[in-house]
Amino acid sequence: MFSLLKFGKKRSQQYVAASAPASSTSTELIEKTSQPTVASGSIDHQDLYSGSTPLPPGKQLKLQLAVCYLPHPEKVHYGGEDAHFISDYGGGMMGVADGVGGWQESGVNPADYSRTLMLMSRAFLEGTDIFQEQAASRHGVLIDPRGALEAAHMNTKVPGSATACVMQLDQANGVLAAANLGDSGFLVIRDGKELIRSKPLQHYFDCPLQFGAFPEFVEATDTADMADLYSITLRPGDVIVAGSDGLWDNCFLSEIISMAPRTPADAQSSADAIAATARRHASDTEFASPYTREALSQGLDLPWWDKLLGMSFKGGKLHLKQLTGGKMDDITVLVAFVETTDIPPPPAPPAEAQADGTGADSAPAPASAQ
């Protein structure tokens, strides 16, 4: 996949998934028109969160995070081209980017772009690095995954391009906020079933939407306003699995769900198992992978001579060989287990303020005689 020119402006979509009743196994998915992602608390969330499960007093949600990264075997010497971040900030957030390998033909290391994009995304949300001064005016944790992608795109000034997905917990409302551009993405699992999966965004098969620079920011690439936005009400016990296309091209959802963690302590072993399965499938030339199934649905298959050479008899019938096999690639798997934690007490006023009578609860000092 290597394309940096737009093929027509694509409007982003916003998806909302509220918690279904406990007895329900279905998920209502509401598609909305594109709107800017905003900080938590600045819009009316009544309809979005009406199905949320009340937490015990003094409790809030947090994400137990884990990651497993397996570079392409031929790219191990420079660490592959995927990049990611995980952070406990604000209760938990994570991101993944897949550098476009075609840049190697121009003498560019594709990992430079994806790594910088993720560093900038994290810095924007945490209010660090070049965003420190801007963050001084924020009140609380900023919930803005699309803003993170936009800021990262504008400030990643190295040549390259990458798909990207950023997710963060809106701890005040118990919601996962996510923005996705390209064919990286995420899956939310509840009670052993798929709750929602992000939609891959592509210009055409194997050419996803992607951020890019030459090496400065230019508008010739896809942009953050084309990313799909997601707002998903979470419950304790929910699991989020995110990854680059090296995961989704080689593992079916049923396999991923079967390896999801059952407890917070299982998050790392789950990420390791999912990544190992994806790598095993990627190496199997006979595996009917999600990638080759999609290729076949797009009308792509083996040349006729290969189909004849590989033909076989099964069940008394002649079968021409079909396109099979996994797709060898970098594989990034991020796993988040949703659990509860205590809400920290409000910070006490500074000792100096209490001593000199200027604390918030102090009585005003009497006026001095003139």
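Bear in mind that the values here come from a model prediction, so they are computed numbers and not experimental data.

### Looking at the packing of aromatic side chains
Okay, so step 1: In the structure shown here, the tally under the stated rule is five aromatic pairs.
Okay, so step 2: Ring centres of Phe 186 and Tyr 230 lie 5.1 Å apart, and the angle between their planes is 85 degrees; this geometry places the pair in the edge-to-face category. Taken as a pair, Phe 186 in strand β8 (residues 185-190) and Tyr 230 in strand β13 (residues 228-233) lie far apart in primary sequence, 44 residues in all.
Okay, so step 3: Overall, Phe 186 belongs to the buried group, its relative accessible area being 0%.
Okay, so step 4: Note on Tyr 230: relative accessible area 4%, which makes it buried.
Okay, so step 5: When the ring centre of Phe 124 is taken as reference, the NZ or CZ atom of Arg 138 above it lies at 5.0 Å.

### Quick look at the nonpolar core
Okay, so step 1: Grouped together as the largest cluster of nonpolar side chains are 30 residues, with contacts concentrated most on Leu 117, Met 118, Phe 124, Leu 149, Ala 164 and Phe 211.
Okay, so step 2: Of all the elements in the fold, those that place two or more residues in this core are β4 (82-87), β5 (93-99), α1 (110-126), α3 (145-155), β6 (160-170), β7 (175-181) and β12 (211-213).
Okay, so step 3: Among the elements that make up this core, the one with the highest residue count is α1 (seven residues).
Okay, so step 4: Once you skip the residues sitting within four places of it in the chain, Phe 124 turns out to touch Phe 131, Gln 134, Arg 138, Leu 142, Asp 144, Gly 147, Ala 148 and Ala 151.

### Some words on helix α6 (residues 267-282)
Okay, so step 1: For α6, spanning 16 residues, the distance from its first C-alpha to its last is 23 Å, which sits close to the expected 22 Å at 1.5 Å a residue.
Okay, so step 2: Among all positions of α6, only Ala 267, Ser 270, Ala 271, Ile 274, Ala 275, Thr 277, Ala 278, Arg 279, His 281 and Ala 282 are buried.
Okay, so step 3: Where α6 is buried, its residues contact β3 (59-70), β14 (239-243), α4 (245-248), α5 (253-258) and β17 (331-342).

### Structural notes on α3
Okay, so step 1: Within α3, eight of the eleven residues are buried, which leaves it mostly tucked inside the rest of the structure.
Okay, so step 2: All of the buried residues along α3 are Pro 145, Arg 146, Gly 147, Ala 148, Leu 149, Ala 151, Ala 152 and His 153.
Okay, so step 3: Looking at the buried residues of α3, the elements they touch are α1, β6, β7, β12 and β13.

### Overview of the pattern of salt bridges
Okay, so step 1: What the rule picks out here adds up to eight salt bridges.
Okay, so step 2: Between Asp 342 and Lys 59 there is a salt bridge; the shortest N-O distance is 2.6 Å. Residue Asp 342 is found in strand β17, and its partner Lys 59 is found in strand β3; the two are separated by 283 residues along the sequence.
Okay, so step 3: Judged by its relative accessible area of 30%, Lys 59 falls in the partly exposed class.
Okay, so step 4: Between Glu 339 and Lys 62 there is a salt bridge, and its shortest N-O distance comes to 4.0 Å. Of the two residues, Glu 339 sits in strand β17 while Lys 62 sits in strand β3, which places them 277 residues apart along the sequence.

Here is what the cut-offs are and how they apply
Residues numbered from 1 in each chain as written. Predicted model: local features only at pLDDT ≥ 70, side-chain atom pairs only at ≥ 80, totals over all residues. Heavy atoms only, no water. Phe/Tyr/Trp six-rings, centres within 6.5 Å; stacked < 30°, edge-to-face > 60°. Helix = DSSP H or I, 4+ residues; strand = E, 2+ residues; numbered from the N terminus. Buried < 20%, exposed > 50% of the residue type's maximum accessible area, 1.4 Å probe, protein only. Lys NZ or Arg CZ within 6 Å of the ring centre and 35° of its normal. Core = buried A, V, L, I, M, F, W, Y, C linked by side-chain atoms within 4.5 Å. Contact = heavy atoms within 4.5 Å. Expected span 1.5 Å × (residues − 1). Salt bridge = Lys/Arg side-chain N within 4 Å of Asp/Glu carboxyl O.

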